[in-house]
Amino acid sequence: GVTVHLVESTKKKATFLSEAARHIGAPAEVHAVRIEDFVQNFRERADVVTARALAPLDALLGLSHPLLQKGPIGLFFKGQHVDAELTLAAKYWNINCTLVPSRTDPKGRIVIVRSVERR
């Protein structure tokens, strides 16, 4: 009963994701658009918003804020500079978040955003 929405602006990568999802029977819908366009036009409510290697945390919060303000949590995988990214993001955002260690990168952490509002 779940659908995963994958957003990829590069057509070639989006085609690959669609074929991979089809091949393994994953409940995924691939959107070959820029994230800004997806967020502006997405009318459903997400349970989780996540991104990998998309942008620094302050910019990522800006991109995902329209989705996050509807109630889902954010799971953002960050590397060794997560503390600096959080410091910068706190200049622009009030963030209710926790950090958990990454299981795949000893220097990485996952930022779990429970709520976020612009300052």
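Computed from a prediction, not measured in an experiment: that's the story for all the values here.

Draft legend 1. Structural view of the sheet that holds strand β6 (residues 109–118). On the basis of which strands lie adjacent, the open sheet formed by four strands has the order β3-β4-β6-β5 and mixed pairing. Edge positions in the sheet fall to β3 (48–51) and β5 (93–101), since each has one partner strand and no second. Shown here is a sheet whose adjacent strand axes are inclined to one another by a mean of 25 degrees, direction ignored. Those strands touched by helix α4 (residues 82–89) are β4 (73–78), β5 and β6, and its axis lies near 165 degrees from that of β5.

Draft legend 2. View of the nonpolar core. Within the largest apolar cluster, 19 residues are counted, with the highest numbers of intra-cluster contacts made by L57, L61, L68, F76 and V113. When residues of this core are traced back to their parent elements, those giving at least two are α2 (35–41), β3, α3 (57–68), α4 and β6. Per-element accounting of this core gives the leading share, five residues, to α3. With near-sequence residues (within four places) excluded, V113 lies in contact with L61, L68, P72, I73, G74, F76, I95, N96 and C97.

Draft legend 3. Spatial organisation of helix α1 (residues 11–24). For α1, with 14 residues, the first-to-last C-alpha span of 20 Å sits near the 20 Å given by 1.5 Å per residue. G25, located one to two residues past α1, shows a positive phi value of around 75 degrees.

Draft legend 4. Just the pattern of salt bridges, in detail. By the definition in use, this model includes five salt bridges. With a closest N to O distance of 2.8 Å, E19 and R22 form a salt bridge. On the criterion of helical spacing, the pair formed by E19 and R22 is a turn pair, its members being three residues apart in helix α1. The exposure class of R22 is exposed, given its relative accessible area of 57%. A salt bridge links E36 to R34, with the nearest nitrogen and oxygen atoms 3.4 Å apart. Owing to a relative accessible area of 35%, E36 belongs among the partly exposed residues under this scheme.

Draft legend 5. Here's a closer look at the environment of R119. Inspection of the secondary structure assignment puts R119 in the segment after β6. Taking relative accessible area as the criterion, R119 reaches 63% and is therefore assigned exposed. Each C-alpha atom of the pair R119 and L68 lies 15 Å from the other, and the pair is 51 residues apart in sequence. Apart from residues lying up to four places away in sequence, R119 is in contact with A90, K91, Y92, W93 and N94.

Draft legend 6. Quick look at the packing of α3 against α4. Packing of α3 against α4 leaves a shortest axis separation of 8 Å and a crossing angle of 55 degrees. The angle between α3 and α4 falls in the class oblique. Along its contact with α3, which presents L57, D58 and L61, the element α4 presents E85, L86, L88 and A89. Within the contact of α3 with α4, the residues separate by chemical class into five nonpolar, no polar and two charged.

Draft legend 7. Summary view of the side chain of H31. Topologically, H31 is positioned in strand β2 (residues 28–31). Within the local environment of H31, its side chain forms a polar contact with the side chain of H5, the two groups lying 2.8 Å apart. Filtering out sequence-adjacent residues up to four positions away, H31 remains in contact with H5, L6, V7, E8 and F38.

Procedures and definitions
- Residues numbered from 1 in each chain as written.
- Predicted model: local features only at pLDDT ≥ 70, side-chain atom pairs only at ≥ 80, totals over all residues.
- Heavy atoms only, no water.
- Pairing = 2+ DSSP bridges.
- Helix = DSSP H or I, 4+ residues; strand = E, 2+ residues; numbered from the N terminus.
- Axes fitted to C-alpha atoms, helices over the stretch in contact; angles between N-to-C directions.
- Contact = heavy atoms within 4.5 Å.
- Core = buried A, V, L, I, M, F, W, Y, C linked by side-chain atoms within 4.5 Å.
- Buried < 20%, exposed > 50% of the residue type's maximum accessible area, 1.4 Å probe, protein only.
- Expected span 1.5 Å × (residues − 1).
- Salt bridge = Lys/Arg side-chain N within 4 Å of Asp/Glu carboxyl O.
- Parallel < 35°, antiparallel > 145°, perpendicular 65-115°, else oblique.
- Nonpolar A, V, L, I, M, F, W, Y, C, P; charged D, E, K, R; others polar.
- Polar contact = N/O pair within 3.5 Å; in protein donor to acceptor, adjacent residues only side chain to side chain.

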